[in-house]
Amino acid sequence: MGFFSLLGTAAPARAVDTASIVQSAWSQDCLQYRVVGVCLWLRCTPFGCSVRSSVKVGHYIPELVVSSYQNTGNNPWRDVAFMSPSNGNARGGGVTAEGADAASSIGEEGIHNSLRFKNGDAIGHPASTVFSQFAGQWGYTCSTPARPLQPYFLSVLDTYAWREGLPEKIYPQALTPGLREVRQGLLNRWGNVYPRAGFVTQSNDYKAAAVVAQRVADLVTRNGQPHVYTPLVPRTRSSRGVWAPPPVKEGDKDTHKWQRLTPAMTQSCAVFPDRGPAASFRGHLAQQGDYAWALWRPYSCCKKRGQKLLSHTGDYP
C-alpha cells in the first residue's frame, strides 16, 4: 500500500471504552419496545389439555459493535484494539486523494475523488446479554445469541478477501451499477455494498466508513460467505415463540439500525444514509478516520406457556 498516505499510529483521539458502550445501550429510541400481538399455547398435563395465552412483544437488541477505522491496530473501541494487531499481510490503511494536505485533513470536503481503505471489525456488543435488565422494565423481553466481546469479524484475519476484493469484485452485485448500494434516492448515494472489502471510492470519510460498516454487517449476518468470519445468524424458533430478524439489508430498518458511538456518541438509531444529500457532516467526521457504530436488530417473542404454539398475531417491526 505504498501509494497511500498513511496516518500516524497513535491511539485514536476520540476512542470509546466498554463502559461507555454499555451505557449507550440504554436508548429508548433504539429499543422501540412495544406489544405487537398474542400467542396461544396448547398446554397438556396428565389431567387434560388447555389453551393458554401470552403477550407477543417486539424490540431491537444491540448485537454488535462494528468499527470502521483507518490504521490496523487502532480500533476506536480501545478495549478490543488488541484483537486486530498489524501483521505482515495487514499493516495499515490510508487514503489517496487529490490535494496536498490529504494526509492531515482526511475528512475535509476539499479532498476529491478519494480512494480510501478502512479496516473493519464486528465484535459482540458488551450489553447484548445484560440488555434485558434495561428492556425488562417495559415487560417481557427477547434474547439474542450474540456473545459479548466475541469477535465475529476481524479484517486483519481476512486479508485476501478484504484487501483484494476477491472473489466478490467479479460478482454481478459488484459489476452492475445501482445494484446493492447504500443510498437514498438518486441524489444521496454513498457507495456499493459489493465487493465487501476495505476499499471505497468516496470523497467523504464518514460516508466511506459507513459503507464499510454496512459491508461488515452484511456478511456477518449471512452463512457461507467467502470470508474469514464467524456468522451471527439467529434462527427463528416459532415453536418456542421467538422470531429473529433476517440478514441485514442496506436501507432496511426491518433488518437493522445503526447507533453512532464515535465520534460524538448518540442516543438515537437510523439506517444509512443517516444524513441527507445537502447535510453538513461537521461533527460527524473523525480526524483520525476512526468510527464505530452499534448494530441493533429487531426481535419478537412471547413467553412459552405450553408445549405447542397454536397461533400468534402481530408482526415486528
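Residues numbered from 1 in each chain as written. Predicted model: local features only at pLDDT ≥ 70, side-chain atom pairs only at ≥ 80, totals over all residues. Heavy atoms only, no water.

A.B. asks: How should the overall build of the protein chain be read in this particular structure?
C.D. replies: Counting its regular elements, the protein chain contains 6 helices and 13 strands. Buried residues in the protein chain amount to 51% of all 317 residues. Look at the contacts in the protein chain between residues 6 or more apart in sequence, and 74% of them connect residues 24 or more apart. Counting only carbon and sulfur atoms, one obtains 51% of the accessible surface of the protein chain, whose full area is about 13,900 Å². (Helix = DSSP H or I, 4+ residues; strand = E, 2+ residues; numbered from the N terminus. Buried < 20%, exposed > 50% of the residue type's maximum accessible area, 1.4 Å probe, protein only. Contact = heavy atoms within 4.5 Å. Areas by Shrake-Rupley, 256 points an atom, 1.4 Å probe, with all protein chains shown as cover.)

A.B. asks: Would you mind going over a nonpolar patch on the surface with me for this structure?
C.D. replies: A cluster of nonpolar side chains, namely Val38, Leu40, Val51 and Leu310, defines an oily patch on the protein surface of about 310 Å² accessible area. Topologically, Val38 is positioned in strand S1 (residues 34-45). Accessibility expressed as a relative area gives 38% for Val38, which makes it partly exposed. (Patch = residues over 30% accessible without salt bridge, like charges linked within 9 Å, V, L, I, M, F, W, Y side chains within 5 Å. Salt bridge = Lys/Arg side-chain N within 4 Å of Asp/Glu carboxyl O.)

A.B. asks: Could you clarify how one ought to interpret the confidence of the model for the protein chain in this entry?
C.D. replies: It should be kept in mind that the predicted coordinates are not to be read in detail where pLDDT is low. In this model, the protein chain carries an average pLDDT of 87, and 87% of its residues clear a pLDDT of 70 or more. Across the protein chain, the element-wise mean pLDDT spans from 54 in strand S3 (residues 94-98) up to 98 in strand S6 (residues 151-154). Predicted confidence is poor over residues 1-13, with pLDDT under 50, and the contacts of this stretch with residues over four places away or in other chains come to 31 contacts. Here residues 97-112 is modelled with pLDDT under 50, and outside its nearest four sequence neighbours on either side it reaches 30 contacts, counting other chains as well. (pLDDT = per-residue confidence, 0-100.)

A.B. asks: What should I look at first to understand the nonpolar core in this one?
C.D. replies: Judged by nonpolar contacts, the single largest core of 35 residues is most densely connected at Val220, Phe272 and Trp293. Put simply, the parts of the chain that give this core at least two residues each are strand S2 (48-69), S6, helix H6 (205-220) and strand S12 (291-302). Looking at this core element by element, the count peaks at 11 residues for H6. With residues up to four places along the chain from it excluded, the contact list for Val220 reads Leu64, Ala122, Tyr152, Phe153, Tyr229, Thr230, Pro231, Leu232 and Val233. In this structure, Met83, Ala292, Ala294 and Trp296 belong to the second largest nonpolar core, which totals 31 residues. (Core = buried A, V, L, I, M, F, W, Y, C linked by side-chain atoms within 4.5 Å.)

A.B. asks: Would you take a moment to explain the layout of surface pockets for this structure?
C.D. replies: One water molecule sets the probe size; rolling that probe over the atoms shows where empty space is left. Here the largest pocket is characterised by a volume of approximately 260 Å³. Along the walls of the largest pocket sit 17 residues, with Ser143, Pro145, Arg235, Arg237 and Val242 positioned nearest its centre. For the lining of the largest pocket, the leading source of residues is S12, giving 3 residues. Of the residues that constitute the lining of the largest pocket, the class distribution is 9 nonpolar, 4 polar and 4 charged. (1 Å grid on protein atoms, 1.4 Å probe; cavity = no way out; pocket = protein on both sides within 12 Å on 5 of 7 lines; lining within 4 Å. Points joined across faces, edges and corners; volume = space filled by probe spheres on them. Nonpolar A, V, L, I, M, F, W, Y, C, P; charged D, E, K, R; others polar.)

A.B. asks: How should the pattern of salt bridges be read in this particular structure?
C.D. replies: It is possible for side chains bearing opposite charge to pair when their charged atoms get close. What the rule picks out here adds up to 12 salt bridges. Taking the shortest distance from any N to any O, the salt bridge between Asp205 and Arg116 comes out at 2.9 Å. One end of the pair, Asp205, is in helix H6; the other, Arg116, is in strand S4 (residues 112-117), and 89 residues separate them in sequence. Residues Asp205 and Arg116 agree in their burial class; the two are buried. Note that Glu181 and Arg183 form a salt bridge whose closest N and O atoms lie 3.5 Å from each other. Overall, the relative accessible area of 34% leaves Arg183 in the partly exposed class. Salt bridges here are not isolated pairs; linked through shared partners, they connect Glu168, Arg180, Arg196, Asp218, Arg222 and Glu250.

A.B. asks: When you look at the environment of Glu181 in this model, what are you seeing that I'm missing?
C.D. replies: The topology assignment puts Glu181 in strand S7 (residues 181-184). Sequence separation of Glu181 and Val211 is 30 residues, and the distance between their C-alpha atoms is 8.9 Å. Among all residues touching Glu181, those that are not within four sequence positions of it are Arg189, Gly191, Asn192 and Glu250. Polar contacts involving the side chain of Glu181 include one to the side chain of Arg189, which spans 3.0 Å. (Polar contact = N/O pair within 3.5 Å; in protein donor to acceptor, adjacent residues only side chain to side chain.)

A.B. asks: How should the packing of aromatic side chains be read in this particular structure?
C.D. replies: By convention here, two paired aromatic rings are described through the distance between centres and the angle between planes. Inspection of every chain in the model, using the stated rule, returns 14 aromatic pairs. Geometrically, the ring pair formed by Tyr60 and Tyr316 is edge-to-face, given 5.8 Å between the ring centres and 65° between the ring planes. Of the two residues, Tyr60 is situated in strand S2 and Tyr316 in the segment after strand S13 (308-312); the sequence distance between them amounts to 256 residues. Here the two residues Tyr60 and Tyr316 agree in accessibility, since each one is buried. What links up through ring pairs into an aromatic cluster is the set Trp190, Tyr206, Trp258, Phe272, Phe281, Tyr291 and Trp293. (Phe/Tyr/Trp six-rings, centres within 6.5 Å; stacked < 30°, edge-to-face > 60°.)

A.B. asks: Can you help me understand unusual backbone geometry in this one?
C.D. replies: Leaving glycine aside, a negative phi is the common case for residues, and trans is the common case for peptide bonds. Along the chain, Leu166 connects to Pro167 via a cis peptide bond; the corresponding omega equals 5°. Note the cis peptide between Phe272 and Pro273, where omega equals -5°. Position of Pro273 relative to the elements: it lies in the loop between strand S11 (257-262) and S12. Of note in the backbone geometry, Arg180 takes a positive phi value of approximately 60° without being a glycine. One non-glycine residue, Ala264, lies in positive phi territory at about 60°.

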